[in-house]
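# Structure assessment
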Amino acid sequence: MEAHIFLKEVHLLILVIAEKPSVAQSIAKVLGATSRKDGYLEGNNYIVSWCVGHLVGLADASSYDERYAKWRYDDLPIVPEEWLFEVPKDKAQQFKVLRDLMKDKRVTELVCATDAGREGELIFRLVYNKAGCTKPFKRLWISSLEDAAIREGFDHLRDGSDYDKLYEAALSRSKADWIVGINGTRLFTTLYKKKLVVGRVQTPTLAMLVEREGKITTFHKEKYFNIHVEKDGLTADMEKIKTVEEAKTIAAACDKKQAVISSVRKETKTVNPPKLYDLTTLQREANRYYSFTAQQTLDLVQSLYEKKLLTYPRTDSQFITDDMEGTARQVIDIICRKVSIFDGIRHDPDMKRIINNAKVTDHHAIIPTVQLEKQDLFELPQSEQKVLSLVGMRLLAATGEKHIYDETLITLSCEGYEFKSKGKTVTQEGWKAVEQRFKASLKTKDKEDPEKVLPAVNENDILSPVSASVTEHYTTPPKPYTEDTLLSAMETAGNDEFDDDTEKKGLGTPATRAGIIEKLVKSGFIERKGKSLVPTKDGSNLVCVLPEQITSPTMTAEWENTLMQIERGNADADVFLKGIVQMTGDLVKAYPFLSDAEANRFESGKEVVGKCPRCGSPVYVGKGNYYCSSKECSFCMWEDNKFFASKKKKLTKKIAKELLDKGWCRVKGLYTPKKPQLYDAIIKLDDTGGKYVSFKMEFDK
């Protein structure tokens, strides 16, 4: 910390910028910046402030040209020559705080302390650039908010330029999403007269759900029959007989006849402990055990991270590094003492199973921290307790012994037919004992088929007489996706198209997949039915009208891999974006017009009075109003609004149509208390995008 001592002597200030106020407070406490100011903390020659998420983002299309405020096919594709960035109005105050601090002459250096990942890097760089700051900055890269981790991080700050490629990849991702999202959404919305949100990742994710739903709805169940022979506690089966006649013939031939044990094969099998959790596997199992959505799990692990009880959540690694072995051992000891379901368990951890430096990139796997020792777990919300128990269970299981069992396969011969029976005997519970303790604590027990116990038999043993029976079964359709299985599918989408050594595969990243699912639900393209995720009619229709290049998981997975290569310095960002622009331009050219029948594919049956001036979606006739059909748009004109009511007029359907079509309407017979007679005027739609739609009045000159 010599550098810090030197800075104190010359009274220079270092500005540290975190991503959230809670994280800034943790950092400020360690640095000794305890004096509270408006939007930051100061002390000990440090200023610590925060971004409140994305303070700066890519500007809307209308910022480039006023004509883009309306959605028109003829304006597509929209591709900025020079990208513009803007600060949302609700975040302008905090941006001003940061900009003023950056310009403060006392500040000579900055520390980027946003979340240590692609999006965290983007959040800081966009604020830094928008503020016009050129002062040098260092990068804090930590995986835990524990005091010791923060101190160590500040002892090993890296030059900000070391992360230039990470920022380049993050900005490329943001621009690619803007190009595909803005153009794809406007293209299909204007063609089909309904708000149809198209996204680089969410559209192929929706396509996977639609494909699964198609397989379910077109599935034709088929009947089949199983035959069983039984004697002295041993039941053996012949499965998947197609006709009842054949099954009954075989059963009749074997019933009350002699059977011979033709073979007894015993094989010892082992099941290695599972790996530690990365974010995706944690989200999957939290959905399986607790029915948490992916977003709920992400929010919970983020909260526990900020409370210093879990390490950094947005990771795709399932290992820790060798320098963490001592800490991990300490955490294991704490779990066995503090987490009640593991109280008294004897655990001798095999640390070699979870340590692999080569497989840890930006962040290691998610594990609890030593802060667990000081925390009264019962003071935490129950949902957070559940996540901590799950992560603690996985750390114990991952460092446990192998699960070993003997699998026995018995083949029985009767009247020339073969029947088989399989069972297993556990010889070493190993890590499964930890898992079973965890499952026993759940109110809803995890359903597992009970192990089949076989009687002791030897080859050539005779069973006589055996009884034979037939049971009827049906083939079952594929199961709908749950968040568990959809996350798994997103993670492996397109894998068959890549080489085994491809570094990045799948749709999205661990940090973005939960948000993608939530966007699809919010847009009305998928819905939750119990634990299942199923596409709506609009979702299915959207996938039907989109070309394969937009719906293909393979193409999007290729883009994700390229972004990773940009991050590693092995791919060119300009080339990547040129490919995105070319694809988008080709997409617009491929859809010059639609037939009337196709254009009405999304027709809801509701009366349409015009096109929404904000988003281009149809405006429906409602009960006393005219409202935008898009759930994400708040445009609504009321029949008895204040403007028309003051003139003793109703906003009729005819007036609404003209206002939406032309932007103005001539209205006769308007009232004013200032004059005895009625008057005529031009009413103009003066919508500013707020909660209420405004109007203004003009008179003929």
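The structure reproduced in this document is the subject of the present report. Position numbers for residues start from 1 in each chain and track the written sequence from start to end. Given that the model is predicted, a residue must reach a pLDDT of at least 70 before its local features are reported, and side-chain atom pairs must reach 80 or more before they are shown or counted; all residues, however, enter totals for whole chains, interfaces and linings. Heavy atoms from the whole structure form the basis of all side-chain values; hydrogens and water molecules are not counted.

## Focus: the overall build of the protein
Comment: elements are numbered from the N terminus, with helices defined as DSSP H or I runs of at least four residues and strands as E runs of at least two. Counting secondary structure elements, the protein contains 22 helices and 26 strands. Dimensions of the protein along its principal axes, counting C-alpha atoms only, are 110 × 75 × 50 Å. Burial status across the protein gives 50% buried among its 701 residues. Partitioning the contacts of the protein with sequence separation of at least 6, the portion at a separation of at least 24 is 71%. The rule is simple: take the accessible area with a 1.4 Å probe, protein chains only, and divide by the maximum for that residue type; under 20% is buried, over 50% is exposed, in between is partly exposed. Any two residues whose heavy atoms approach within 4.5 Å at even a single point are treated as in contact.

## Side note on the packing of aromatic side chains
Working definition: rings of Phe, Tyr and Trp (its six-membered ring) pair if their centres are within 6.5 Å, and the pair is stacked with planes under 30 degrees apart, edge-to-face with planes over 60 apart, and tilted otherwise. Scanning the entire structure with this criterion turns up 16 aromatic pairs. Ring geometry for Tyr 64 against Trp 178: centres 5.9 Å apart, planes inclined by 70°, an arrangement best described as edge-to-face. One end of the pair, Tyr 64, is in the loop between strand 5 (57-58) and strand 6 (85-86); the other, Trp 178, is in helix 6 (residues 164-192), with 114 residues separating them in the sequence. Both rings, one in Phe 643 and one in Phe 695, keep their centres 5.7 Å apart while their planes meet at 35°; by these two values the pair is tilted. Here Phe 643 is found in helix 21 (residues 642-645), whereas its partner Phe 695 is found in strand 26 (residues 695-698), with 52 residues between them in sequence.

## Some thoughts on the environment of Gln 302
Relative to the helices and strands, Gln 302 is located in helix 10 (residues 294-306). Taking relative accessible area as the criterion, Gln 302 reaches 5% and is therefore assigned buried. C-alpha of Gln 302 to C-alpha of Arg 314: the two residues are 12 residues apart in sequence and 8.6 Å apart in space. Leave out the neighbours within four places in its chain, and Gln 302 touches Lys 20, Asp 115, Pro 313 and Arg 314. Definition of a polar contact: a pair of N or O atoms within 3.5 Å, with one able to donate and the other able to accept a hydrogen when the atoms are protein atoms, and with sequence-neighbouring residues admitted only if both atoms are side-chain atoms. Within the structure, the side chain of Gln 302 is placed 2.5 Å from the side chain of Arg 314, a separation counted as a polar contact.

## A look at the sheet that holds strand 17 (residues 481-482)
Being paired, for any two strands, means DSSP has found at least two bridges between them. Pairing in this open sheet of three strands is antiparallel, and the strands run 17-19-18 from one edge to the other. Either end of the sheet is taken by a strand with one partner, and the two such strands are strand 17 and strand 18 (526-529). One ladder, built from two bridges, connects strand 17 with strand 19 (residues 532-535); its direction is antiparallel. Counted as the bridge partner of Tyr 481 is Leu 533 from strand 19. Axes here mean lines fitted to C-alpha atoms, for a helix over just the part in contact, with angles spanning 0 to 180 degrees between N-to-C directions. Across the sheet, helix 7 (residues 202-217) lies against strand 17, strand 18 and strand 19, angled at about 90° from strand 19, the strand it touches most.

## Section: helix 9 (residues 279-290)
Take the residue count of a helix, subtract one, and multiply by 1.5 Å to get its expected span. For helix 9, spanning 12 residues, the distance from its first C-alpha to its last is 16 Å, which sits close to the expected 16 Å at 1.5 Å a residue. Of all 12 residues making up helix 9, 10 are buried, and the element is well covered by its neighbours. Those residues of helix 9 that sit buried are Leu 279, Thr 280, Thr 281, Leu 282, Gln 283, Glu 285, Ala 286, Asn 287, Tyr 289 and Tyr 290. On its buried side, helix 9 packs onto helix 10, helix 12 (382-398), helix 13 (432-440), strand 17, helix 14 (483-492) and helix 15 (513-522).

## Here's the deal with the nonpolar core
Among buried residues, those of type Ala, Val, Leu, Ile, Met, Phe, Trp, Tyr and Cys that are joined through side-chain atoms within 4.5 Å constitute a nonpolar core. Core analysis: the largest hydrophobic core is formed by 103 residues, its most contacted members being Phe 188, Phe 342 and Leu 390. Counting residues per element, this core draws most heavily on helix 6, at 10 residues. What Leu 390 contacts, discounting residues up to four positions off in sequence, is Tyr 277, Leu 282, Glu 285, Ala 286, Tyr 289, Tyr 290 and Phe 438. If you look at the next biggest cluster of nonpolar residues, it comprises 28 residues, including Val 56, Phe 95, Ile 123 and Leu 171.

## A few points about the environment of Glu 245
Mapped onto the fold, Glu 245 is located in helix 8 (residues 244-254). Overall, the relative accessible area of 56% leaves Glu 245 in the exposed class.

## Concerning the state of the cysteines
Criterion for a disulfide: a pair of cysteine sulfur atoms within 2.5 Å. Counted according to the given criterion, the structure contains zero disulfides. No disulfide involves Cys 414; its nearest neighbouring cysteine sulfur is the one of Cys 254, lying 3.7 Å away. The exposure class of Cys 414 is buried, given its relative accessible area of 0%. Looking at Cys 615, it has no disulfide partner, and the nearest cysteine sulfur is the one in Cys 628, 3.6 Å off.

## Focus: helix 6
Counted at 1.5 Å a residue, the expected span for helix 6 with its 29 residues is 42 Å, and the 42 Å between its end C-alpha atoms agrees. Here helix 6 lies mainly inside the structure; 25 of its 29 residues are buried.

## Things to note about the sheet that holds strand 9 (residues 158-159)
Pairing between the strands of a sheet is mediated by backbone hydrogen bonds and can be parallel or antiparallel. Across the sheet, which stays open at both edges, the seven strands sit in the order 2-3-4-1-7-8-9 with mixed pairing between neighbours. Since the sheet does not close on itself, it has two edges, and those belong to strand 2 (35-37) and strand 9, each with one partner. When strand 1 (residues 13-18) meets strand 4 (residues 46-50), the two strands line up parallel, connected through five bridges. Within strand 4, the residue paired with Leu 15 across the bridge is Ile 47. Those strands touched by helix 4 (residues 118-130) are strand 1, strand 7 (107-113) and strand 8 (137-139), and its axis lies near 175° from that of strand 8.

## Digging into unusual backbone geometry
For the bond running from Leu 76 to Pro 77, omega is 0°, close enough to zero to count as cis. Mapped onto the elements, Pro 77 comes out in the loop between strand 5 and strand 6. Across the junction of Ser 464 and Pro 465, the peptide omega takes the value -10°, indicating a cis bond. Along the polypeptide, Pro 465 turns up in the loop between strand 15 (462-463) and strand 16 (467-474).

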